[in-house]
Structure formats: C-alpha cells, structure tokens
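Report on the structure
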Amino acid sequence: RAIVLIHGFGVSSFQFRDNVRALGERHRVYALDLVGFGTSDQPDVPYAMEFWRDQVIDFVENVVGEPAVLVGNSIGSLAAVHVAAESPKTTAGIALINCAGGMNNKVKRLDGDFDGYGWQYKAVVPIFSVVLAIIDAVLKVEPIAKPLFESVRGEENVRGALANVYMNPSRVDDGLVNSICGAANREGAFKAFVNILTGPAGPRPEELMPRVACPMLILWGSKDTITPLDFPLGQYFLNLPKTRQTSRTDFIQFEGEGHCVQDDNPKLVNDALTDWVAAL
C-alpha cells in the first residue's frame, strides 16, 4: 500500500522522521513538503488550500502512480480532505491527525459553531475577526511585516513555539528546530509567509465531508491547544463516526498528547496507522 504523509503549518516533512521509517517496513511511504514549506519551492504566488490540494493530487498521480492513503497533520489533514473530496480516484483512505479548520487562523465560522457554549465564546468571535483583519493589513505592509518575520523565524522563538505545542521536550531537538529555521531563511520565505497568512482560510472540513467517500481514520491528542477537542471542530470529528454513513470512520483519542502527536510520540501513531491500513 502507498502512503503519503502531509505535514502541518510552518513545518515540513521532517516532522514525519520516525513515521517514514516505521511505516516503510510494510508500505511504500512518501513524505512531501507542501509548496512554501521545507525544501519545496517558495514562489511569490497566491496560496490557498486548493493550491496544496492540486499539488498532492499531482504527486499521487505522477509520482506514486496508484491510489494512496493520505496521512496529514493539521493543515496537512485538511489538504487530505480536500484531495479526497476532489479526486476520489487518487485516495484509498485518509488519516487525519488533529485536523485544521482552515489554511490559517482566519478559520471560517459556521452557523451553530458555539451553540450550547457559554456567552463568552460567542462574544469573542467578532472581536477575534477584527483582530485578524488588523493583522492581515499589517502583514501587507512590508516595513512592518519584515521585522516581525525576522523575529519569529529566529531559533530561540522557534524553539519556544515548539515547546508550547510538544508534550515531550526531548523531541524539540536541534534537528527539528533547524528544519524549520533552514526553510525560513531561504530567499522566498518571507513572501510565502505573508501570502499564506493573508490568504483565504478556505472551506471548513465539514463543508467538504459530503463529497468524501473513502475510509477515514481520525487521530486526536486530548491536550491539543491549537485545535482543541472540546471546540466545535474537535467535537465535529469526535462525533463523525456516528454521523458518517458513506464509509468506515474510526476515531482514536490519545490521552495527554498534543497537536503534533505523530512526531511527539510517533509509536502511538505508527501503531494506529499500521493496524488501520492493514484492515483496508
């Protein structure tokens, strides 16, 4: 079976360093860098989830050469959902690790998102939207955005950001930090950074799901603070095995794990994927 691993926002295929090795014992495994990240090109073009969707479809059709199981983390998961919705013939199944709701923080709000939640959740949504609009405007002013970019791509800031996401501090090692800083120091990194952050968030996975017919495995870290399980998107995926009738849908919650569990605690994900793919 062919497996394609798709990384999340701001990182690269390096985050699958221990998954490629383990899964490769039984399968043909590919880990690709989405355009704009890692060692892929960083063109000054409009970025959108559809842009990465088409990259993955092209990769499966022209490199893999057969329908593949797409395994994504964060926006990599969302890309997998896009591919499955648009090109069923390239997708043998999708495994979503803490799936994102959009390409960036401008996640589209859906009616009923915070029904049943306290008033404070509903009150913060319009405020958050205004803040994001201001950030968008600031990022488009290069004399302001460039120093910000220089700051966030520094090794100390990258290490600190990862430490807030990873549960196991030992996994935030020099190799991981260098994989991110190296990409951020390339010539096209600043423009790609701005274009990705200011681009459209794109459709939510809930909107794409009616067109997804393949088997699906959903993996979620219970301590994920980026896509929390108790927020609307997390709750949607938690309940999906009960509501999705088109094909096999499985959900596994990893207690005490965070947003990047595939790299933070790779054995958990490797074991889950090995068992699930074998049953396809």
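Up top is the structure these notes are about.
Only a predicted model underlies this, so the values are computations on that prediction, with no experimental measurement involved.

Per the secondary structure count, the chain includes 12 helices and six strands. Compactness check: the chain gives a C-alpha radius of gyration of 18 Å against a globular reference of 19 Å for 280 residues, within 12% of the reference. Overall, the chain is about 55 × 45 × 35 Å in size when its C-alpha atoms are taken along their principal axes. Among the 280 residues that make up the chain, the fraction classed as buried is 53%.

The subject of this paragraph is the nonpolar core. Grouped together as the largest cluster of nonpolar side chains are 44 residues, with contacts concentrated most on Val4, Trp52, Leu70, Ile94, Val212 and Phe237. By residue number, the principal contributor to this core is helix H3 (residues 75-86), which donates eight residues. For Trp52, the residues in contact, after removing those within four places along its chain, are Leu34, Val35, Phe37, Tyr47, Ile75, Met103 and Ile196. Judged by nonpolar contacts, the second largest core, of 19 residues, contains Ile3, Leu219, Phe254 and Leu273.

Checked against the element boundaries, Arg244 lands in the loop between helix H10 (232-243) and strand S6 (249-254). In terms of polar contacts, Arg244 uses its side chain to reach the backbone carbonyl oxygen of Arg248, at 3.4 Å. Polar side-chain contacts of Arg244 include one of 2.9 Å to the side chain of Thr249. Every residue in contact with Arg244, bar those within four places of it in the chain, is listed here: Met209, Val212, Ala213, Cys214, Pro215, Met216 and Thr249.

Spatially, six strands are ordered S2-S1-S3-S4-S5-S6 in an open sheet, and the strand pairing comes out parallel. Unpaired on one side and paired on the other, strand S2 (28-32) and S6 mark the two borders of the sheet. Here the strands of the sheet are splayed against their neighbours by 15 degrees on average, with no regard to which way each runs. Bridge count between strand S3 (residues 68-73) and strand S4 (residues 91-97): six bridges; the pairing is parallel. Across the sheet, Asn73 pairs through a bridge with Ile97, a residue of S4.

In this section: the packing of aromatic side chains. A complete count under the given rule lists nine aromatic pairs for this structure. On the basis of an interplanar angle of 45 degrees and a centroid distance of 4.9 Å, the ring pair of Phe149 and Phe193 is categorised as tilted. Linking Phe149 in helix H5 (residues 142-152) with Phe193 in helix H8 (residues 189-198), this pair joins segments that are 44 residues apart in sequence. Accessibility expressed as a relative area gives 4% for Phe149, which makes it buried. Here the aromatic rings of Tyr236 and Phe237 are separated by 5.3 Å at their centres, their planes lie at 75 degrees, and the arrangement is edge-to-face. Take Phe237: its relative accessible area is 0%, and that puts it in the buried class. Through a chain of ring-to-ring contacts, three or more aromatic side chains come together here, namely Phe9, Phe37, Tyr47, Phe51 and Trp52. Its end group placed over the ring of Phe190, Lys146 keeps NZ or CZ at 5.1 Å from the ring centre.

This part takes up the pattern of salt bridges. All told, the structure shown has 18 salt bridges when counted by the stated rule. Asp173 is the salt-bridge partner of Arg17, the closest N and O atoms lying 2.9 Å from each other. In this pair, Arg17 sits in helix H1 (residues 17-23) while Asp173 sits in the loop between helix H6 (155-163) and helix H7 (174-184), placing the two residues 156 residues apart along the sequence. Among the residues examined, Arg17 registers a relative accessible area of 17% and is labelled buried.

Our next topic: the pairing of S6. Relative to S6, strand S5 (residues 216-221) runs parallel, the two sharing six bridges. Among the inter-strand pairings, Met216 is bridged to a residue of S6, identified as Thr249.

Let us now look at the packing of H6 against H7. The contact between H6 and H7 brings their axes to 10 Å, and the two run at 120 degrees. As judged from the angle between their axes, H6 and H7 are oblique. As for the relative orientation of H6 and H7, their crossing is right-handed in sense. Here H6 contributes Glu155, Val158, Arg159 and Leu162 to the contact with H7, which in turn contributes Asp174, Leu176, Val177, Ile180 and Cys181. The residue makeup of the contact of H6 with H7, split by class, is six nonpolar, no polar and three charged.

On to a nonpolar patch on the surface, then. Side chains of Val138, Val141 and Ile144 sit close together on the surface and give an oily, nonpolar patch of about 210 Å² of accessible area. In this structure, Val138 sits in helix H4 (residues 119-139).

Calculation criteria
- For every chain, the first residue of the written sequence is number 1, and numbering continues from 1 onward in sequence order.
- This being a predicted model, a pLDDT of at least 70 is required before a residue's local features are given, and a value of 80 or more before pairs of side-chain atoms are given or counted; all residues contribute to the totals for chains, interfaces and linings.
- Side-chain descriptors were evaluated using all non-hydrogen atoms of the structure, hydrogens and water having been removed beforehand.
- For the purposes of this entry, the term helix denotes a DSSP run of H or I that reaches at least four residues, the term strand denotes a run of E that reaches at least two, and both are numbered from the N terminus.
- In this treatment the radius of gyration is a C-alpha quantity, and the globule benchmark scales as 2.2 Å times the residue count to the 0.38 power.
- Burial status follows relative accessibility: with a 1.4 Å probe on protein chains alone, a residue under 20% of its type maximum counts as buried, one over 50% as exposed, and anything between as partly exposed.
- Put simply, buried Ala, Val, Leu, Ile, Met, Phe, Trp, Tyr and Cys residues joined by side-chain atoms within 4.5 Å make one nonpolar core.
- The contact rule is simple, with two residues in contact once any of their heavy atoms fall within 4.5 Å.
- What qualifies as a polar contact is a pair of N or O atoms within 3.5 Å, subject to a donor-acceptor requirement within protein and to the restriction that residues adjacent in sequence count only when both atoms come from side chains.
- Only when DSSP finds a minimum of two bridges between them are two strands counted as paired.
- The axes are straight lines fitted to the C-alpha atoms, using for helices just the contacting stretch, and the angles between their N-to-C directions are given from 0 to 180°.
- Here is the rule: rings of Phe, Tyr and Trp (six-membered ring for Trp) pair when centre to centre is within 6.5 Å. Planes less than 30 degrees apart are stacked, more than 60 are edge-to-face, and the remainder are tilted.
- Each ring is checked for a lysine NZ or an arginine CZ that lies within 6 Å of its centre and within 35 degrees of its normal; such an atom marks a charge sitting over the ring.
- Every case where a carboxyl oxygen of Asp or Glu lies within 4 Å of a side-chain nitrogen of Lys or Arg is listed as a salt bridge.
- Oblique is the label for any angle not covered by the other classes, which are roughly parallel (under 35 degrees), roughly antiparallel (over 145) and roughly perpendicular (65 to 115).
- Crossing handedness is read from the near helix: turned anticlockwise from the far helix by less than a right angle, it gives a left-handed crossing, and turned clockwise, a right-handed one.
- In this classification, Asp, Glu, Lys and Arg are treated as charged, Ala, Val, Leu, Ile, Met, Phe, Trp, Tyr, Cys and Pro as nonpolar, and every other residue, Gly included, as polar.
- Each patch is assembled from residues with relative accessible area greater than 30% and no salt bridge, linking like charges that lie within 9 Å and nonpolar side chains (Val, Leu, Ile, Met, Phe, Trp, Tyr) that lie within 5 Å.
- Exposure was quantified through the Shrake-Rupley algorithm and a 1.4 Å probe, taking into account, for residues, occlusion by the shown protein chains and nothing else.

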